[in-house]
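Structural characterization, general
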Amino acid sequence: MKQSSPLLLILLLILISGVPVASAGNSTPAEVPERPEKLKFPPLDYEPPAPADYRVQLKSGPVAYVAVDRELPLVNISIYIRGGDYVEPQGKE
């Protein structure tokens, strides 16, 4: 029995699924300006979230900001502490 190539399998799946495939000669490109300066974008409407909604006071004292993002099954932890030479008292280095 002869094995099928992956490309043939992908083409078969595209044909079965009914996804429209544009032909190279008949497709018309979208309205793209000839210079990048002429590109138009819709206004960006962004309102940052309220920090109080994500603030959690831990039992041991520090404050944590917890924001859930369920797009990917990942955990990202960032810790910022006040430390270094500027917070050490004179003579206690």
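Our structure is the block above this text.
First, a word on scope: everything that follows refers to the structure included in this document. The structure presented is a predicted model; accordingly, all values stated were derived computationally and were not measured. (Residues numbered from 1 in each chain as written. Predicted model: local features only at pLDDT ≥ 70, side-chain atom pairs only at ≥ 80, totals over all residues. Heavy atoms only, no water.)

Another aspect to go through is the overall build of the chain. Counting secondary structure elements, the chain contains one helix and two strands. In sequence order, the chain lays out its α and β elements as α-β-β. Here the chain, with 93 residues, has 1% of them falling under the buried criterion. Of the roughly 10,300 Å² of accessible surface on the chain, a fraction of 60% belongs to carbon and sulfur atoms. (Helix = DSSP H or I, 4+ residues; strand = E, 2+ residues; numbered from the N terminus. Buried < 20%, exposed > 50% of the residue type's maximum accessible area, 1.4 Å probe, protein only. Areas by Shrake-Rupley, 256 points an atom, 1.4 Å probe, with all protein chains shown as cover.)

The calculated volume of the largest pocket comes to roughly 590 Å³. No other element matches strand β2 (residues 63–65), which puts three residues into the lining of the largest pocket. Split into classes, the residues belonging to the lining of the largest pocket amount to 14 nonpolar, two polar and two charged. (1 Å grid on protein atoms, 1.4 Å probe; cavity = no way out; pocket = protein on both sides within 12 Å on 5 of 7 lines; lining within 4 Å. Points joined across faces, edges and corners; volume = space filled by probe spheres on them. Nonpolar A, V, L, I, M, F, W, Y, C, P; charged D, E, K, R; others polar.)

Our focus in this paragraph is helix α1 (residues 6–17). Taking 1.5 Å per residue as the helical rise, α1 with its 12 residues ought to reach 16 Å, and the 16 Å between its terminal C-alpha atoms agrees with that figure. In terms of burial, α1 is largely open, as just zero of its 12 residues are buried. (Expected span 1.5 Å × (residues − 1).)

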